[in-house]
Structure formats: C-alpha cells, structure tokens
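# Per-entry structural report
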Amino acid sequence: MMKKILILIASVLLCLILQITLIGGVQAKGGKPDLLLILLVLWAWNTDWKQGLLAGFFIGLLEDILFSPLLGLNAFSLSLTGFVVGEVKERVYEENVVALLLVTAAASLLNGIVFFSWARIFNIFSSFLGKISSLTLPTSLYNCLLMFFIFLIKGKFGREKIH
Amino acid sequence: MLISNHKKDLPARIREGGYSFVDPLRISFLTLKNRLFEFMENFQEIEKLRSENQTLKIKMEELLFYQKNYYQEIISANQRLRELLGFKEKQPYSLIPVEVIAYDPHNYFKVIFIGKGKKEGIEKEMVVVNAQGLVGRVIEVYPHRAKVLLILDERSKIGVRDQRTRDMGILQGKGEKGVCELKYVLSRADVRVGDKIITSGLGGLFPKGIVVGKICAIKKDPNQLFQEIEVVPSVDFGKLEELFAIKREK
C-alpha cells in the first residue's frame, strides 16, 4: 500500500512538472493535454473507484493549492471523475482500447463541465458554454490521442515482458 | 689519334645506348618501388587517418550544432537583452528583472509564475512588463516566487486610454482567445483600428503610459452607448522569458 502511494505521489509530481513547464508553456488558443487527468484516469482504471476518488481528491487539491483561485474546484471535479472512471471500469472489459478512449473523453468532459459549472456559479468565468467548446472539447481530444499512444506503448512493453 | 679517339667513343656510345635502354626501366622500377612504399605507408596510416577523420567529423558536427542552436540562441538572447536594456533605460521606474519559471497547467487561467518573491523585493500588485509592453500584475507572493495574472485573463481589468484620441476605457482579458476587450468607450469616440492603447495611470495601480496593445476590431452600433472594441496585446505571450516587475517609489 505504501509503495502504491509513493508511486502515485512520484507520478503526480512528474506529471505536474511536465505540465507546468512543457505543456503549460504552449500558448495554444484551445485546450492542452491534461497529464494529471490522464494519470487519474489510468490510476482509477487500474485500481477501483475508492482509489480513483482518493487519487482525484489528492491531485485536485494539489492543483487547487498551486493554481486555482478557489480551493476545492479541482478537488471536487477530479474526485468525481476518479470515482466515475473507477465505477465504469467495473462494468467494461479493461483491455478494450475503445472503452478506455471513450472513458478518457467522457472523464475530460465531465471534469470540464463540473469545473466550469462551479467556476460560473462563483463568477470566475463569464461564459460556461464558451469555455466548454473552446477549452474542454479540445482538451478531451488531446487527452484521447495521448491515451491512445500510452495504450500502444503499454501494449508493446506488456508483450515484450510476456515473451 | 683519330682512330684511337673514334675507338674510345664507341664504348661510350654503347654505354649511352645501354643507359638509354635501361633508364626507363629503372625509372619505372623506382616509380613502382616508390608507389609501393607510398602505398605501404598509406596502408599503415589508414587507421590514423580514419581516427583523425572521425575526430574532425565530430568536431564539425559540434561546430554545426553550435552554429545552428547555441550561436543562434546567443544571438537572439543578445538581441532580446539589448531590447530589454533599451527598454530599461527608457523607463523612469525602478525595475526588478524576473524570469518566468512556470505556466498554468491548463488554459483555464492566464497566469504565470516568476522566479522571485517577497525576499527579492516582489510585492503584491506590482506591475509586470517586458520590452514589448504590459504583461500583467502580481497577485500572489511567496518567499521566492510570485504568481502573475496576465492581462489576457478574464479577471484582469486595467484602466487604459487611446494614445491618439485620449479616450479612456477599461481593458479586460478574454481568456483563451488571445485578445482583450476594451470596454466603456463611448460610441461617439473616434477610435480606429490600429490605434495604440496605453495605460491611463488612473487608479494608481498601473503606471501611466505603458503600451498595452493595438485596436484590432471595432463594432459600432449607433443605438448602443458604448462601442465593442477588441485589442490585440503588444506582448507575445507565447514567448515570455525575461520580464521586469515595476517597483513602486515610496
């Protein structure tokens, strides 16, 4: 259990550093790939809903502390996302790439919708639909593409390990 | 005497004939021998030459790399620093040089982190600029870093004026679109596309006269009190590196 927690912390820190230095520096007009969300989806997909929820809360709280103007925005949306991914995983075949990609897309959308709903309620952003179309949808697409490559790499190494 | 002389000349002629016959062979042999020795020497030197060639190739690659990357980077950094120095000399404010160390992980909020904080003299609400113009303002300060709200963020509101007509308005970010909205400019104001927008200095937060951007689109409706104006910032937010925080004089 301790080993798992350490692996999660190390992965979160690595993704966070990559996100704020490498991906964060890209001044794209649309969204950006969200490494922390991808990590959360992979974590929840490979464990269960409880760990997905806890990992989502931990990652979200970290993002809130570091970047969000309001504590709890990311913590809530990512906890919910982690929980939903962990729940869905129980009902589908885990090794199916299409299921994983659909879950990634749905998780990105869910996270965006929950986040921007709260942000709109607290009057942080002016337009909810504008943010969903200009930020959440491209982010969801980028996340799916990245997840597909991760799945391919994982499959390749997995096969090599078997042989 | 004549006969003896004639007889004496014969052996010389025969020798001469012999030489002239042998010489080409000798020369050919010598040439062959030299070539053979040269070949042997070359053969012996191949290893040496190969390693020398390899060293030179590596050296050339290294120089090419420096030429393509490092030297270009030095040249562009030099140009940038010259611009900054020029900018610093032009500014009547006290400036603290800062560097961008991190960006917001998503595109949700337009914020950056700078590598200096409270201990280096950075304070909340300090204005951040670069050679191109206004970048934003410090919203959170930590011991060795600070968070800067860019003028593109929706939460950013700045008092500005048109440099040509002196009409005033409020500049607000439009988030991910990369432009800002100029609000509260009356419909009768004669602002035009291309007009330069500068800070008005009203409110006391932003110093007066800092370049913010240019008007890129205007939508006028005679039935509306205010015009809808879009401003493209003068700062290229995709290439933020060295910045300055403006220190307020006390």
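Since this is a predicted model, take the numbers as computed values, not measurements.

Per the secondary structure count, chain A includes six helices and zero strands. Along chain A, helices and strands appear, N-terminal first, in the series α-α-α-α-α-α. Going through the 163 residues of chain A one by one, you find that 44% of them count as buried. Of the contacts made within chain A by residues no fewer than 6 positions apart, 67% connect residues no fewer than 24 positions apart.

With that settled, consider the packing of aromatic side chains. All names here are of chain A. In the structure shown here, the tally under the stated rule is seven aromatic pairs over all chains. Judged by centre distance (5.4 Å) and plane angle (90°), the ring pair of Trp49 and Phe83 falls under edge-to-face. A residue pair is termed long-range when its members are at least 10 positions apart, and Trp49 in helix 3 (residues 49-66) and Phe83 in helix 4 (residues 73-89) qualify at 34 residues. Judged by its relative accessible area of 33%, Trp49 falls in the partly exposed class. Ring geometry for Phe115 against Phe116: centres 5.2 Å apart, planes inclined by 90°, an arrangement best described as edge-to-face. By relative accessible area, which is 0% here, Phe115 ends up buried. With relative accessibility at 1%, the residue Phe116 sits in the buried group. Aromatic rings pair up to connect Phe76, Trp118 and Phe122 into one cluster.

The next subject is helix 1 (residues 2-23) of chain A. Under the 1.5 Å per step criterion, the end-to-end length of helix 1 of chain A is 30 Å for 22 residues, consistent within 8% with the ideal 32 Å. All of the buried residues in helix 1 of chain A are Leu8, Ser11, Val12, Cys15, Leu16, Gln19, Ile20 and Ile23 of chain A. Taken around the axis of helix 1 of chain A, the buried residues stretch over an arc of 150°, which confines them to a single face. Exposed residues on helix 1 of chain A whose side chains face more than 90 degrees from its buried face are Met2, Lys3, Leu6, Leu14, Ile17 and Leu22 of chain A. Buried residues along helix 1 of chain A sit against helix 2 (35-46) and helix 3 of chain A together with strand 1 (94-103) of chain B.

All names here are of chain B. Read once around its circumference, the closed barrel built from six strands follows the order 1-2-5-4-3-12, with strand pairing classed as antiparallel. Ignoring strand direction, the axes of neighbouring strands in this sheet form an average angle of 45°. Relative to strand 4 (residues 133-141), strand 3 (residues 127-130) runs antiparallel, the two being bridged by four bridges. Note on strand 4: the bridge partner recorded for Val129 is Leu134.

Right, let's get into the UniProt feature "transmembrane region" (unreviewed entry) in chain A. All names here are of chain A. The feature "transmembrane region" (unreviewed entry), as annotated in UniProt, sits at residues 52-85, 97-120 and 132-153 in this numbering. Between the C-alpha atoms that bound residues 52-85 there is a distance of 7 Å. The span itself is 82% helix and 0% strand. Helix makes up 100% of residues 132-153 and strand 0%, and the two end C-alpha atoms of the span are 30 Å apart.

Attention now moves to the interface of chain B and chain A. With 19 residues of chain B at the interface, the matching set in chain A holds 27 residues. Summing the contributions of chain B and of chain A, the shared interface buries around 2,100 Å²; its carbon and sulfur component is 53%. Joining chain B to chain A, the criterion identifies two residue pairs in polar contact (both at pLDDT 80 or more). Ranked by the residues each element gives to the side of chain B that touches chain A, the list is headed by strand 1 of chain B, at three residues. Tallied by class, the residues present in the side of chain B that touches chain A amount to eight nonpolar, four polar and seven charged.

Conventions used here
Residues numbered from 1 in each chain as written. Chains lettered and ligands numbered in written order. Predicted model: local features only at pLDDT ≥ 70, side-chain atom pairs only at ≥ 80, totals over all residues. Heavy atoms only, no water. Helix = DSSP H or I, 4+ residues; strand = E, 2+ residues; numbered from the N terminus. Buried < 20%, exposed > 50% of the residue type's maximum accessible area, 1.4 Å probe, protein only. Contact = heavy atoms within 4.5 Å. Phe/Tyr/Trp six-rings, centres within 6.5 Å; stacked < 30°, edge-to-face > 60°. Expected span 1.5 Å × (residues − 1). Arc of directions from axis to C-beta. Pairing = 2+ DSSP bridges. Axes fitted to C-alpha atoms, helices over the stretch in contact; angles between N-to-C directions. UniProt positions renumbered as here; feature names shortened; annotations may be inferred. Buried area = accessible area lost by both parts, 1.4 Å probe. Polar contact = N/O pair within 3.5 Å; in protein donor to acceptor, adjacent residues only side chain to side chain. Nonpolar A, V, L, I, M, F, W, Y, C, P; charged D, E, K, R; others polar.

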